Amino acid sequence: QVLLVESGGGLVQPGESLRLSCAASGSTSERYSIGWFRQAPGKEREMVSCISDGNTYYPDSVKGRFTISRASAKNTVDLQMNSLKPEDTAVYYCAAAMGIGSCSILWYDNWGQGTQVTVSS
């Protein structure tokens with residue numbers, strides 16, 4: 001079991017940036033995938049970034065604006081979000097899929113508590 005804690009959310013204006021951080025505690029030495037997901041009210045939870053087997057993935061909606069990366073601490077994964085838009089408003093979650101190399105939400109069973117990102121003028 002892996003404990004995931006997100007931080008860095010907040011209220012920003014369109015065009016501004018935020019950097020989210022996901023800190024993991026527990027067993028992460030085995031093969032695993034980790035990603036960022038978001039969910040707005042009334043909408044399905046969607047993947048916005050993922051690291052799987054050393055590769056990174058982004059949907060078209062955030063490609064070129066969001067970047068996932070590992071911080072200096074090996075158990076921390078950040079999401080840099082630039083040029084934020086109102087449609088980026090959502091609760092952002094980090095999640096891990098243990099023993100799996102996949103970005104499909106179906107495989108993720110370790111979830112953080114989420115952090116609110118609001119983009120509004």
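Residues numbered from 1 in each chain as written. Predicted model: local features only at pLDDT ≥ 70, side-chain atom pairs only at ≥ 80, totals over all residues. Heavy atoms only, no water.

**Q** If you had to explain the packing of aromatic side chains to someone new, which residues and values would you point to?
**A** Think of a pair of aromatic rings as described by two things: how far the centres are apart, and how the planes are tilted against each other in angle. Inspection of the entire model under this criterion finds 3 aromatic pairs. Centre to centre, the rings of F37 and W111 are 5.0 Å apart; their planes meet at 55°, and the pair counts as tilted. Taken together, the positions of F37 in strand β4 (residues 32-39) and W111 in strand β10 (residues 110-111) put the pair 74 residues apart, joining distant regions of the chain. Given a relative accessible area of 0%, F37 falls into the buried group. One aromatic cluster is present, formed by F37, Y93, Y108 and W111 through successive ring pairs. Positioned above the aromatic ring of W111 is the side chain of R45, whose terminal nitrogen or guanidinium carbon lies 4.7 Å from the ring centre. (Phe/Tyr/Trp six-rings, centres within 6.5 Å; stacked < 30°, edge-to-face > 60°. Helix = DSSP H or I, 4+ residues; strand = E, 2+ residues; numbered from the N terminus. Buried < 20%, exposed > 50% of the residue type's maximum accessible area, 1.4 Å probe, protein only. Lys NZ or Arg CZ within 6 Å of the ring centre and 35° of its normal.)

**Q** So what's going on with the sheet that holds strand β8 (residues 76-81)? Which residues, and what values?
**A** Spatially, β1-β3-β8-β7 is the arrangement adopted by the 4 strands of the open sheet, whose pairing is antiparallel. Looking along the sheet, the strands with just one partner apiece sit at the ends: β1 (2-7) and β7 (66-70). Recorded for the sheet is a direction-independent mean angle of 20° between the axes of neighbouring strands. Judged from the 6 bridges that link them, strand β3 (residues 18-26) and β8 form a sheet pairing that is antiparallel. Looking at the pairing, A23 lines up with T76 of β8. (Pairing = 2+ DSSP bridges. Axes fitted to C-alpha atoms, helices over the stretch in contact; angles between N-to-C directions.)

**Q** Which residues make up a nonpolar patch on the surface, and what are the values?
**A** Together, I105, L106 and W107 line one region of the surface with nonpolar side chains, adding up to about 350 Å² of accessible area. Relative to the elements of secondary structure, W107 occurs in the loop between β9 (90-98) and β10. (Patch = residues over 30% accessible without salt bridge, like charges linked within 9 Å, V, L, I, M, F, W, Y side chains within 5 Å. Areas by Shrake-Rupley, 256 points an atom, 1.4 Å probe, with all protein chains shown as cover. Salt bridge = Lys/Arg side-chain N within 4 Å of Asp/Glu carboxyl O.)

**Q** Tell me about the state of the cysteines, and please be specific about residues and values.
**A** By the definition in use, this model includes 2 disulfides. Assigning the bonded cysteines of the protein chain consecutive numbers by sequence position, one obtains the connectivity 1-3, 2-4. (Disulfide = S-S within 2.5 Å.)

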